[in-house]
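# Tertiary structure, described
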Amino acid sequence: MKIGSSVSTSSDVYAKNYAFNQAQLQDHAELVEKICFAGGEEKKKKQHARGKLTVRERIEKLLDPGSDFLELSSLAGYELYDTPVPCGGILTGVGQVSGRLCMIVANDPTVKGGTYYPITVKKHLRAQEIAEKNHLPCLYLVDSGGAFLPMQDEVFPDKDDFGRIFYNQARMSAKKIPQIASVHGFCTAGGAYIPAMSDQSIIVEGNGTIFLAGPPLVEAATGEVVSAEDLGGARVHTEKSGVVDHLARDDAHAMAIMRQVVRYLGVSKTMPVRSQQPREPLYDAEELLGILPDDVSKPFEMREILARILDGSELFEFKKDYGTTLICGFAHLGGFPVGVLANNGVLFSESALKGTHFIELCVQEKIPLLFFQNVTGFMVGSEYEHGGIAKHGAKLVHAVANANVPKLTLVVGGSFGAGNYGMCGRGFDPNFMFMWPTSKISVMGGAQAAFVLVMVKRQQLEKQGKQMTSELEAEIRQPVEAKYAREGHATYASARLWDDGILDPRDTRRVLSQALAACMHTVNSETQFGIFRM
Ligand code: COA
């Protein structure tokens, strides 16, 4: 049951890998620091001068002292627009408030007045999606100028645009998922609906305002001249309109009131799982840096990774000697029971069948699934096609899609092709999905894509009676490889919210334990599988 390790920490390969991964992690940590604390002391001072706290200070006051905040997607919006939009202009994450895990969604007013770029909307909607799936109360810390007007066509009209935020609030409220808002600044037009659609709301006197149209628009439309405070200030809404329920003196007071609101919520239901005391792995997580190769295309033993993440380094493997390129087994992480599916090579028919069977077992017992991806896809070639790899792979994809238990995905190495689907990639709705900084994600590797495109061109030319030249081949190959290298990077993926964040491998246990704790509020209905093609 205990996973053995044959890693030699004194080998040259270990030292080379360690140096490479440490440098990558250092770069990543510096980038996150730069993004999360953009503006630094200057920004803080400006907020304080307005009688406001920064968004991070607000969250700190809201959380239970000493508790961990699982911040999501800090790289959202990175290098996406002409101007920087740090953290996508909004902070989201799971944190404990008055003893209850909640989803926190907080505008950062120092990023273009807290307005919503397309990525801000996407990040807000993803946070709501996680909250809905995991039955977490939503706490909105509102301080936003509403839609980022120059990009209105990308934030306003479509299904997953600004309006969806309010739709989600209404739907979640109906599902008894509490919706609570505190208003710390301007809350104009569409933004006004966040507190208005909430079950309970709070407003900060002097800084918080809510109105469908601000004073300039009111004057233009009706000729009425009115100050922001008289139009939709805190007193107006707590004494006259009844739009808001609680009056706060300042940001800190608003957070204290929000803690009270959460304290008086009913008890949340949790999954009836047989959890146990968390136990540290037998091996040091630091060694992950020496195990993970310095090149994503180099193979490595996934059990060495699992041994440094799972409780007690224990894994009760299922069909250990069958379909060996997919490791399946029962384990615990942070004390929670999990069914592990981890790649150890390309997926064959046997691996897909084994994975499908294993998922059926986990679903039967309502055990959360944990996917560790390092996959180039399913095996190709006539032998495998004739063996029906397409239908066997489809079984795995069916099982993953319909398994009605919490699913967590971690991209450890490569996430390529249909392997991404079979191993619960973003399209398969994992409750949470994370990447390691050196991991890669794309439809196929750059070299393979370039090869395919060169072949297509060669065939076109041959039909015209022409020949491919080495110059033309290089002309096709180089930009494709460069594009795939750039777009396959974890940073590129995370900036676009293809995941919920990038983790330091050494931090994986802590983050996955937090994510599993958040999943325990999921109210699972029974799983209904579709037709497995035989
Ligand atoms: N769309 C695009 N940019 C906006 C914006 C919006 N809705 N609201 C503010 N900005 C930009 C400003 O142009 C400014 O950009 P700059 O730093 O490049 O000059 C930046 O955000 C900060 O705005 P500023 O007004 O200087 O900051 P503030 O903290 O004093 O006020 C607001 C912030 C949001 C209260 C204020 O800008 C405002 O009222 N905006 C309009 C809100 C509105 O009517 N929205 C309707 C949307 S449906």
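All of the points below concern the structure found in this document. On a predicted model such as this, the values are computed, not experimentally measured, just so you know. (Residues numbered from 1 in each chain as written. Predicted model: local features only at pLDDT ≥ 70, side-chain atom pairs only at ≥ 80, totals over all residues. Heavy atoms only, no water.)

Where helix α18 (residues 446–463) meets helix α19 (residues 470–487), the axes come as close as 8 Å, and the angle between the chain directions of the two elements is 150°. As judged from the angle between their axes, α18 and α19 are roughly antiparallel. The handedness of the crossing between α18 and α19 comes out as right-handed. When α18 is examined against α19, the residues G446, A447, A449, A450, F451, L453, V454, K457, R458 and L461 are found in contact with a partner set consisting of L472, E473, I476, R477, V480, E481 and Y484. Among the residues making up the contact of α18 with α19, the classes are represented as 11 nonpolar, one polar and five charged. (Axes fitted to C-alpha atoms, helices over the stretch in contact; angles between N-to-C directions. Helix = DSSP H or I, 4+ residues; strand = E, 2+ residues; numbered from the N terminus. Parallel < 35°, antiparallel > 145°, perpendicular 65-115°, else oblique. Left-handed = near helix turned anticlockwise from the far one by under 90°. Contact = heavy atoms within 4.5 Å. Nonpolar A, V, L, I, M, F, W, Y, C, P; charged D, E, K, R; others polar.)

Near the ligand, the surroundings consist of R50, K112, G113, T115, G145, A147, F148, L149, P150, F186, T188 and A189. Separating an oxygen atom of the ligand from a side-chain N or O atom of K112 is a distance of 2.5 Å. One of the backbone N or O atoms of L149 is found 3.0 Å from a nitrogen atom in the ligand. For the ligand, whose free accessible area comes to 870 Å², the fraction covered by protein is 52%. When its residues are assigned to classes, the shell around the ligand shows six nonpolar, four polar and two charged. (Near = heavy atom within 4 Å. Polar contact = N/O pair within 3.5 Å; in protein donor to acceptor, adjacent residues only side chain to side chain. Areas by Shrake-Rupley, 256 points an atom, 1.4 Å probe, with all protein chains shown as cover.)

What follows covers the packing of aromatic side chains. Counted by the stated rule, this structure contains 15 aromatic pairs. With a centroid separation of 6.0 Å and an interplanar angle of 35°, the aromatic rings of Y421 and F428 are classed as tilted. Given the relative accessible area of 44%, Y421 is considered partly exposed. Cluster of aromatic residues (ring-pair linked, three or more members): Y116, F162, F166 and Y193. Residue placement shows R496 over the ring face of Y492; its charged tip is 3.4 Å from the ring centre. (Phe/Tyr/Trp six-rings, centres within 6.5 Å; stacked < 30°, edge-to-face > 60°. Buried < 20%, exposed > 50% of the residue type's maximum accessible area, 1.4 Å probe, protein only. Lys NZ or Arg CZ within 6 Å of the ring centre and 35° of its normal.)

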